[in-house]
Amino acid sequence: MIIDTDPGIDDTYAILLALRSPEIEVVGVTSLYGNVHTKMATRNALYVLEKFGRPDIPVYEGHHTSIVGASKERIADFVHGADGFGNTNQPPPTTEMVRGKTAAEFIVETANRHPGEVTVVALASATNVTLALRADPTAVVENLRAIVHLGGAFFVNGNVNPSAEANVFGDPDAADELYGSGANVTVVGLDVTQRLMFTKEDVESLGGGGAKNDVANDPAPGPGSPPSRAKASAPSKLADSPASPDPAGSFLRDISAFYMRFHVDTIGVEGIYMHDPAAVLLAFRPDLFGVASGAVRVGTDGLCRGQTVMDQGKKRWTFANAWTGEGRDRPRITVALDVDVEKVMGVFRERFRVGGGGGEDGGGGGRARMAGDGRVARVARAAARGVAAAAAALREGAEEAYRAFGNARRADAMTAMVILGAMTAGVCSSLVDRRWGARR
Ligand SMILES: [Ca+2]
């Protein structure tokens, strides 16, 4: 996964979520203007990666203006503070961005090097991804596995004005171009993210909220921790002492105070929207979201500049229009419109360690029990590694088969998929037989 970001407070949550999710690997971070100017976004991206113990992840600086060369009309310092961290005056990072390569060049290069494997989660405007698209359409349309863009307001009001959401408003031309490119784009906007709110209590209990240190919030990788946790806690100059319950959580709590005041002032609620983390989660847990597919156009001028309008496909239009496409059909994209709020908030609370514990799935108690039984823990870890590898291989195989089906009937394709599943079970059972002997 490449995270394209303008940190930003909820961007910081999103980056931490990605680093704490064993389902994904973050291979690079690219910066963009939005909540802050691009230069500060670069600095802040470096800072949070170092703070969260992953100074090894490379950061590439993105574009400084919109794709049509307009400088940003408004920087959201009233939402995120002048420093992007709620005016908490953090020290500068000790690491540096990669020089000599732009964000767009990095996206193109990574997509071409690992075709079908890389997802870009774009947490700001679409500028960097659309520049990559212009530079190498094949890289973005064919070789990127997916693009998840946090943006748009489809059947709700915007958040810049009644029609526009901030990320799309920041570069509507880039969004319109990307959404019509034929790339595998999923857009998740305010229809979904304004239903995901961290409460004041959630925020206050981040980092342990003064709770005593235990297995679950010890930053050192415990025996039951997923492999990525070990990477996420590599030594760093900025990371707090390992004795504190969850330094990442305390940092989130500190920077969220300013962001929460903005919510109190504008919507009268003591809580914060989880916009950016929703996009990261959607990239690896699409099952928690309800989506629709359709052509999307973005207003690029006038009163409704930045508005995202989707053709839901409920009417056969008499005349061609900007959504049906003139000359060629405008490709459809996926739009997230619904979400399992309870489950998503459960994952957020678990991964952000609300209350300092492990939350719903995998709390401290669970891990302590696993630590007490080395054999069970070893088997569980080995199985988890196997499942991850098998899922990746299976997906690739299934997609290969899917492409080969061509115009096959649905029932025939389904039968083939079921056979594929049965064969997998056969392979697993023959491996067990090989090691421990067949069961008579
Ligand atoms: Ca953002």
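Scroll up to find the structure.
Everything in this summary refers to the structure shown in the same document. Every chain begins its residue count from 1, and numbering advances along the sequence as written. Totals for whole chains, interfaces and linings use every residue, but because this is a predicted model, local features are given only for residues with pLDDT of at least 70 and side-chain atom pairs only at 80 or more, for both listing and counting.

1. Focus on the overall build of the protein chain
Starting at the N terminus, helices and strands are each numbered in turn, a helix being any DSSP run of H or I of at least four residues and a strand any DSSP run of E of at least two. Assigned secondary structure in the protein chain consists of 17 helices and 12 strands. Any residue surrounded by 20 or more other C-beta atoms within 10 Å of its C-beta is treated as buried, while 12 or fewer makes it exposed and the intermediate range makes it partly exposed; C-beta atoms here are placed from the backbone. Looking at the 440 residues of the protein chain, the share that counts as buried comes to 44%. Our contact criterion uses C-beta atoms placed from the backbone: two residues qualify when those atoms are within 7 Å. Within the protein chain, contacts between residues separated by at least 24 positions form 80% of all contacts whose residues are at least 6 apart in sequence.

2. Some remarks on the sheet that holds strand β4 (residues 118–122)
A sheet is described by the order of its strands in space; here 8 strands give the open sequence β3-β2-β1-β4-β5-β6-β12-β9, paired in mixed fashion. Across the chains shown, the open sheet's two edge strands, defined by having one partner strand only, are β3 (59–60) and β9 (289–294). Two strands form a pair only when DSSP identifies at least two bridges running between them. Relative to β3, strand β2 (residues 28–31) runs parallel, the two being bridged by 2 bridges. Each bridged residue has a counterpart across the sheet, and for T30 the counterpart in β3 is Y60. Angles run from 0 to 180 degrees between N-to-C directions of axes, and those axes are lines fitted to C-alpha atoms, restricted for helices to the stretch in contact. Along the sheet face, helix α2 (residues 38–51) touches β1 (2–5), β2 and β3 and points at about 155° away from the line of β2.

3. Describing α2
Between its first and last C-alpha, α2 extends 20 Å over 14 residues, near the 20 Å set by a 1.5 Å rise per residue. Most of α2 sits out of view: 12 of its 14 residues are buried. Three or more residues of α2 are buried, namely T38, M40, A41, T42, R43, N44, A45, L46, Y47, V48, L49 and K51. On the buried face of α2, the contacting elements are β1, α1 (9–19), β2, β3 and α12 (247–267). G53 occupies a position one or two residues after α2 and carries a positive phi of about 80°. How far a helix is expected to stretch is found by multiplying one less than its residue total by 1.5 Å.

4. Considerations on the pairing of β1
Alternating positions in β1 separate into two faces, I2 and D4 on one and I3 and T5 on the other, with burial throughout. Pairing analysis gives 4 bridges linking β1 to β2, with the strands arranged parallel. Bridge pairing links I2 to G28 in β2. For a crossover, the right-handed case is the one in which the path from the first strand over the helix to the second runs clockwise, viewed with the strands pointing away from the viewer. For the handedness criterion, the β-α-β arrangement of β1, α1 and β2 is classed as right-handed.

5. Some words on unusual backbone geometry
Leave glycine aside and you will find that most residues have negative phi; peptide bonds, for their part, are mostly trans. Of note, the bond from P7 into G8 is cis; its omega dihedral lies within 30 degrees of zero at -10°. Here G8 shows up in the loop between β1 and α1. A positive phi is found at N87, a non-glycine position, where the angle reads about 55°. As for its position among the elements, N87 is in the loop between α3 (77–80) and α4 (103–113). For N87, a count of 14 C-beta atoms within 10 Å gives the class partly exposed. The backbone of N89 shows a phi angle near 55°, a positive value even though the residue is not glycine. By secondary structure assignment, the location of N89 is in the loop between α3 and α4. Residue class for N89 comes out exposed when judged on the 9 C-beta atoms lying within 10 Å of it.

6. A few points about the environment of A164
Turning to its location among the elements, A164 is positioned in the loop between β5 (144–150) and α7 (166–170). The class of A164 is buried, set by 24 C-beta atoms lying within 10 Å. For the pair formed by A164 and L190, sequence separation is 26 residues and the distance between their alpha carbons is 9.9 Å. Setting aside residues no more than four positions away along its own chain, A164 makes contact with G158, F169, R305, G306 and Q307.

7. Here we look at the packing of helix α5 (residues 127–135) against helix α8 (residues 172–179)
Packing of α5 against α8 leaves a shortest axis separation of 9 Å and a crossing angle of 50°. Taken together, α5 and α8 sit at an angle that is classed as oblique. α8 is crossed by α5, and the crossing has left-handed handedness. Contacts from T127, V129, T130 and L133 of α5 reach α8 at A174, E177 and L178. When the residues that make up the contact of α5 with α8 are grouped by side-chain class, the tally is 4 nonpolar, 2 polar and 1 charged. Roughly parallel means an angle under 35 degrees; roughly antiparallel means over 145; roughly perpendicular covers 65 to 115; every other angle is labelled oblique. Two helices crossing with the near one rotated counterclockwise from the far one by less than a right angle form a left-handed crossing, whereas a clockwise rotation gives a right-handed crossing. Throughout, the ten residues Ala, Val, Leu, Ile, Met, Phe, Trp, Tyr, Cys and Pro are labelled nonpolar, Asp, Glu, Lys and Arg are labelled charged, and all others, Gly among them, are labelled polar.

8. Focus on the nonpolar core
In terms of nonpolar packing, the biggest core is built from 103 residues, with I107, V121, A122, V129 and A279 touching the most fellow members. Tallying contributions element by element places α1 first for this core, with 8 residues. What V129 contacts, discounting residues up to four positions off in sequence, is D4, I107, V120, A122, V140, I147 and L178. In this usage, the nonpolar core is the set of buried Ala, Val, Leu, Ile, Met, Phe, Trp, Tyr and Cys residues whose C-beta atoms join them within 7 Å.

9. Description of the pairing of strand β6 (residues 185–188)
Residues of β6 alternate between two faces, with V185 and V187 on one and T186 and V188 on the opposite face, all of them buried. With 4 bridges connecting them, β5 and β6 associate as parallel partners. In the strand pairing of β6, I147 is matched with V185. The sheet contact formed by β6 and strand β12 (residues 333–339) spans 3 bridges and is parallel. Bridged to T186 within β12 is T334.

10. Quick look at the packing of α4 against α5
Running from N to C, α4 and α5 cross one another at 60°; their axes reach a closest spacing of 8 Å. Taken together, the axes of α4 and α5 are oblique relative to one another. In this structure, α4 crosses over α5, and the sense of that crossing is right-handed. Facing α4, whose interface residues are A103, A104, I107 and V108, α5 presents N128, V129, L131, A132 and A135. Among the residues making up the contact of α4 with α5, the classes are represented as 8 nonpolar, 1 polar and no charged.

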